[in-house]
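Spelled out, the chains give:
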Amino acid sequence: MQEKKMMHLNITKDQVGQYVFLPGSVERAAKIAAYFDNPVKIAHHREYLTYTGTLAGVPVSVTSTGIGGPSAAIAVEELYECGAHTMMRIGSCASTSPKVKVGDVVIPNGAVRMEGTGIHYLPEEFPAVPDYEMVKELEAAAKKLDIPYNIGVTISKDSFYTEVSPETKPVYYELKNKWEAYEKGGATNSSMECATLFLVAASLDIRMSSVMISATNYKSYSNDDKDYPREWEDRAIQVGIEAMTQIIKKDMASR
């Protein structure tokens, strides 16, 4: 019998590895796949583009998730159904602290739950945190590659424009007060998927982490696409590839 394809990713269990990268954009999925040995395009349905290849001789995949928590949660659920147990977001973020400069690699060690998808998985008082061992491998990779990095709390929110132009929204004062509180609490960056990914992974008892490139300096957002440091995206990709390779090698050695 032909194996059933996942409803949204349009993949089957035999087409993906147990280790998966999760970028938002399809363009970044292709860039990540270029670091694999023998990458093959598996499927492209809606926002979900999947490639599979190998790292350290082990099958690995990359699946784009689109923007935000709901579509990312779908990707994780369907990849899990296909046997994936270790996943890593590779994406971009915005600085919310002088500690993070444009082009820095950002490794979240927790996420503010300013999003809605996570409450469908775990109660609001449950923390959104990545796998600790994966965070350690990401830090080791950044050090090995001599890439500037920050480890800190990310603010995961569901709306892009309520961050970049909150004063235009009816709930501006609520947004402003919450944002100032998050910054005073030490949050160093903002993103749109991390909290959801950490919570979905926790509910499934699988490993999840994130590594991102800061697209801005603190309080200097630009709406000009030409200001986005696309050439620095490779920093986050290289750190993620190195970390996942070491995770795979350690897993193989412990078997």
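Structure: above.
Residues numbered from 1 in each chain as written. Predicted model: local features only at pLDDT ≥ 70, side-chain atom pairs only at ≥ 80, totals over all residues. Heavy atoms only, no water.

## Comments concerning helix α3 (residues 132-144)
Next up, step 1: For α3, spanning 13 residues, the distance from its first C-alpha to its last is 18 Å, which sits close to the expected 18 Å at 1.5 Å a residue.
Next up, step 2: Among the residues of α3, M134, V135, E137, L138, A141 and A142 are the ones counted as buried. With its buried residues spanning 160° around the axis, α3 presents them on a single face. Facing away from the buried side of α3 by over 90 degrees, the exposed positions are Y132, K143 and K144.
Next up, step 3: On its buried side, α3 packs onto β5 (86-95), β6 (105-114), β7 (149-157), β9 (207-214) and α7 (233-254).
Next up, step 4: Where α3 begins, one side-chain oxygen reaches toward the backbone nitrogen of E133, 3.2 Å away; that side chain belongs to D131. (Helix = DSSP H or I, 4+ residues; strand = E, 2+ residues; numbered from the N terminus. Expected span 1.5 Å × (residues − 1). Buried < 20%, exposed > 50% of the residue type's maximum accessible area, 1.4 Å probe, protein only. Arc of directions from axis to C-beta. Contact = heavy atoms within 4.5 Å. Polar contact = N/O pair within 3.5 Å; in protein donor to acceptor, adjacent residues only side chain to side chain.)

## Remarks on the pattern of salt bridges
Next up, step 1: Under the defined criterion, the tally for this structure stands at 13 salt bridges.
Next up, step 2: A salt bridge links E193 to R89; its shortest N-O distance comes to 3.0 Å. Of the two residues, E193 sits in the loop between β8 (189-191) and α6 (194-204) while R89 sits in strand β5, which places them 104 residues apart along the sequence. Exposure class is identical for E193 and R89. Each is buried. (Salt bridge = Lys/Arg side-chain N within 4 Å of Asp/Glu carboxyl O.)

## Examining the packing of aromatic side chains
Next up, step 1: Per the counting criterion, the structure on display carries four aromatic pairs.
Next up, step 2: Arranged with centres 5.1 Å apart and planes meeting at 55°, the rings of Y172 and Y173 form a pair that is tilted.
Next up, step 3: The partly exposed category is assigned to Y172, whose relative accessible area is 22%.
Next up, step 4: In this structure, R235 packs its charged tip against the face of W232, placed 4.9 Å from the ring centre. (Phe/Tyr/Trp six-rings, centres within 6.5 Å; stacked < 30°, edge-to-face > 60°. Lys NZ or Arg CZ within 6 Å of the ring centre and 35° of its normal.)

## Some words on the pairing of β9
Next up, step 1: Buried residues dominate β9, accounting for seven of its eight residues.
Next up, step 2: As paired elements, β5 and β9 share eight bridges and run parallel to each other. Considered in β9, the bridge of R89 is made with S210.
Next up, step 3: One ladder, built from two bridges, connects β6 with β9; its direction is antiparallel. Counted as the bridge partner of V105 is I213 from β9. (Pairing = 2+ DSSP bridges.)

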